[in-house]
Structures are given as C-alpha cells and as structure tokens.
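Architecture at a glance
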Amino acid sequence: MSDSTAALAGAMTGETLAGRAAQVREEVSKAFIGQADVLDQILIALLAGGHVLIEGVPGLGKTLLVRALAQALELTYARVQFTPDLMPSDVSGHAVYDPKTESFKIRRGPVFTHLLLADEINRAPAKTQSALLEVMQEGQVTIEGKSFELAPPFMTLATQNPIEQEGTYPLPEAQLDRFLLKILIDYPALDDEKRMVDAITTGRTAGDFDLSQVRRVLGAADIIAMQRGTAAVTVDEQVVDYAVRIVAATRKWPGIALGAGPRGSIALVRAARAQAVLQGRDFVTPDDVRDIATPALRHRIALAPELQIEGQSADDVLRALLAKVEAPRK
C-alpha cells in the first residue's frame, strides 16, 4: 500500500466511510433499482475485502449490478460465462508459443481484473471452478509455474441459479467457504419493477440500462483505503465472543449435519465490521453480528436430510439458532 493510501485510510472515520459508501449506493441505485439489501450486502463484502455468491433466477439484474458497481467505482470488470466445456486456462490464462521470438508468452485470463463476474459458476466442472480458489484466497494466479499478483482491489461475484439443477456441478464446501457472503436475490417489489420497466422502455430500443448516468465517484485507491479503514473498526472482545459462539452453535445444533468452521467466525467478524461502517459507526455492536450472520453462514452449513424433507431452509435454521444464542448485554 502506498503512503498516500495509508494516510487516506488513517484519516477515515466511521462517518467518512459511511458517506463514501452512500455515494456508491446512490450511483449504483440509478441502474440497479430496488433490492437495497442485496446492494448493501455487496458493499459489505467489498469493504471487508471478500467475495460473494449470488443466488437467484435469471433476469434479476445480477450482471447489471456488477457493471454498475464497476462504473461507479472506476474499476475494471470482466465476465466469464461458466459452461461445461470451460477449461481452467480459460479463466486464469495460459502460455502461448510465439514463433517470431521462439518463446512462450503468458496470455492473461479474465481473472486479471478488479471485479470478476463468474456467471453461473455451477455450470462448469470442479476442475474449472477450482481455478478461482487460488485467486480468491491469495490474490494471485499461477500460470506455468509462475505466480502473478493481481492489482487490488479484487472481488469475485459468482452467480448460480437455484432452480435449474440439471447439468450442474454443485460447489464443494472448500470453495463455498471462500465466499464471505451468500446473497439471495429475489424478484423486485412491484413499484420497483414498474420503475425499471419505465426506465428501459421509454424512448429507447435497447433492452438494458444506459450506464452513462452512473457517475464515477471512487477509484481503486479509495476502495483500498476504505478496506483498510474498515479493518480498523473496533470490535469488543465480548462481540468477538458472541460471533464465535454463534458459529460454534452451528456445529451442535439439531438438524445441522455440518456446521461452520473457524473461517465462518472470521468471516462473521469481518462482515460485521463492514456492517458497522454502513451504519456510520467505528465500532461493532452485537446487532451488526446478528444482522449479517445469515448471509455469512447460510452457505457454510449443511442441513440434515430430515429438515430438507420438511422443507426447511438454512435461513430458517439460522433464525432459530440466532434467537437462542445470548447476545452481550452491555
């Protein structure tokens, strides 16, 4: 991190961080209408330096959201459509022989960007999905035995369709654990959908939003500074204890066959810091932990078959669990 970025991060208060996040929210909302919770959770992941798995049926604006975010943040953006024949090298890059120089050159793949949209990630087999493991965890890519670091900030936004499961490859637990949050996106509210239809169809023949209305309000250095500022948000020992007790409860809760590991505790505290930032605070409260617990843990637990037969979801179980884990009182 440069000296100027470090100085910028040190000067940011909770109020300043919240104000900058509000600027981004305002601009992205010009294109991505409604779904305020979804946008807030993506901003939380961005501030915490994490990745997100977005689950929802096609046509709800997932691609538009990422494009609008890249526009508002003045970041580079790449989209990869995951298919059964996609190879790992199609994602990370590969070496190409150049007959003129009689040597191999590295052709960098689409992961060399700031915001990577991995569309329908469960359409590709495990060997291709795993191409993202190194870059999501370490911020680097290894091609032909040589490591290449990505320019920060880097964020993967992967999508999957929860309805159509034929010909898909469910993400393994090890990869699911790399995502800070799993975000569920639903159909927009009626009024929001009316605004959306009006914005796209009035006087235009194109079938998508005009992103030129989205102003660029922050750059890469600003985002890095905000991430540093978010990491410095105060978390009381009792709040950390509360987060760990929530995660530990998933390992022995009736109906949960597989609970969350220590990475779940780490993710919960990281996300709670960013949640506090969006609220304009420089300290984390138990409410921040509880509010973000479901998106941070829903993909880290596996339900027992009997609960699945009863039609219960991970969110149902987590709500019951959160109601029973006692929060700090002071």
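Now for a look at the structure at hand. (Residues numbered from 1 in each chain as written. Predicted model: local features only at pLDDT ≥ 70, side-chain atom pairs only at ≥ 80, totals over all residues. Heavy atoms only, no water.)

Bringing the overall build of the protein into the picture now. Of the regular secondary structure elements, the protein holds 15 helices and 11 strands. Against the 2.2 N^0.38 benchmark of 20 Å for 330 residues, the protein shows a C-alpha radius of gyration of 20 Å, consistent with a compact globule. For the protein, the C-alpha atoms occupy an extent of roughly 70 × 50 × 45 Å along the three principal directions. The burial tally for the protein puts 50% of its 330 residues in the buried class. Nonlocal contacts in the protein, meaning residues at least 24 apart in sequence, comprise 77% of its contacts between residues at least 6 apart. Just so you have it, the protein exposes about 16,000 Å², and 51% of that area is on carbon and sulfur atoms. Side chains of the protein carry 35 positive and 42 negative charges; the gap between the two charge centres is 3 Å. (Helix = DSSP H or I, 4+ residues; strand = E, 2+ residues; numbered from the N terminus. Rg over C-alpha atoms; globule rule 2.2 N^0.38 Å. Buried < 20%, exposed > 50% of the residue type's maximum accessible area, 1.4 Å probe, protein only. Contact = heavy atoms within 4.5 Å. Areas by Shrake-Rupley, 256 points an atom, 1.4 Å probe, with all protein chains shown as cover. Lys, Arg positive; Asp, Glu negative; His and termini not counted. Charge placed at Lys NZ, Arg CZ, Asp CG, Glu CD.)

Moving on: the packing of aromatic side chains. Going through the model one piece at a time under the given rule, you end up with 1 aromatic pair. Residues Phe-112 and Phe-148 carry aromatic rings whose centres are separated by 6.4 Å and whose planes lie at 80 degrees to one another, so their mutual orientation is edge-to-face. Note that Phe-112 is positioned in the loop between strand 4 (103-108) and strand 5 (115-119) and Phe-148 in strand 7 (residues 146-149), a separation of 36 residues in sequence. Phe-112 sits in the partly exposed class, given a relative accessible area of 21%. (Phe/Tyr/Trp six-rings, centres within 6.5 Å; stacked < 30°, edge-to-face > 60°.)

Counting 76 residues, the largest nonpolar core has Val-28, Ile-42, Leu-181, Ile-246, Leu-268 and Val-289 as the members making the most contacts within it. In terms of residue count, helix 12 (residues 262-278) provides more of this core than any other element does, 9 residues in total. Ignoring sequence-local partners within four residues, the contact set of Val-28 consists of Leu-39, Leu-65, Ala-68, Leu-69 and Ala-72. In terms of nonpolar packing, the next biggest core, distinct from the first, is built from 24 residues, Val-80, Val-111, Leu-116 and Ile-121 among them. (Core = buried A, V, L, I, M, F, W, Y, C linked by side-chain atoms within 4.5 Å.)

With the rule as written, the count across this model stands at 16 salt bridges. Close ionic contact of Arg-79 with Asp-119 constitutes a salt bridge, the shortest N to O distance being 2.7 Å. Placement of Arg-79 in strand 2 (residues 77-81) and of Asp-119 in strand 5 is noted, with a sequence separation of 40 residues between them. Overall, the relative accessible area of 42% leaves Arg-79 in the partly exposed class. With a relative accessible area of 8%, Asp-119 lands in the buried category. Put simply, Asp-316 and Arg-319 hold a salt bridge, and the shortest N to O gap is 2.5 Å. Of the two residues, Asp-316 and Arg-319 are both situated in helix 15 (residues 314-324); the distance of 3 residues between them amounts to about one turn of the helix. Residue class for Asp-316 comes out partly exposed when judged on its relative accessible area of 30%. Three or more residues are tied together by salt bridges with common partners; here these are Glu-27, Lys-30 and Arg-215. (Salt bridge = Lys/Arg side-chain N within 4 Å of Asp/Glu carboxyl O.)

Relative to the assigned elements, Ser-92 resides in helix 5 (residues 88-92). If we skip the residues at most four places from it in the chain, Ser-92 touches Arg-108, Gly-109, Val-111, Phe-112, Val-141 and Ile-143.

Residue alternation in strand 2 divides its side chains into a buried set, Ala-78 and Val-80, and an unburied set, Tyr-77, Arg-79 and Gln-81. Sheet analysis places strand 2 next to strand 5, joined by 5 bridges and oriented parallel. Pairing of Val-80 across the sheet is with Ala-118, part of strand 5. (Pairing = 2+ DSSP bridges.)

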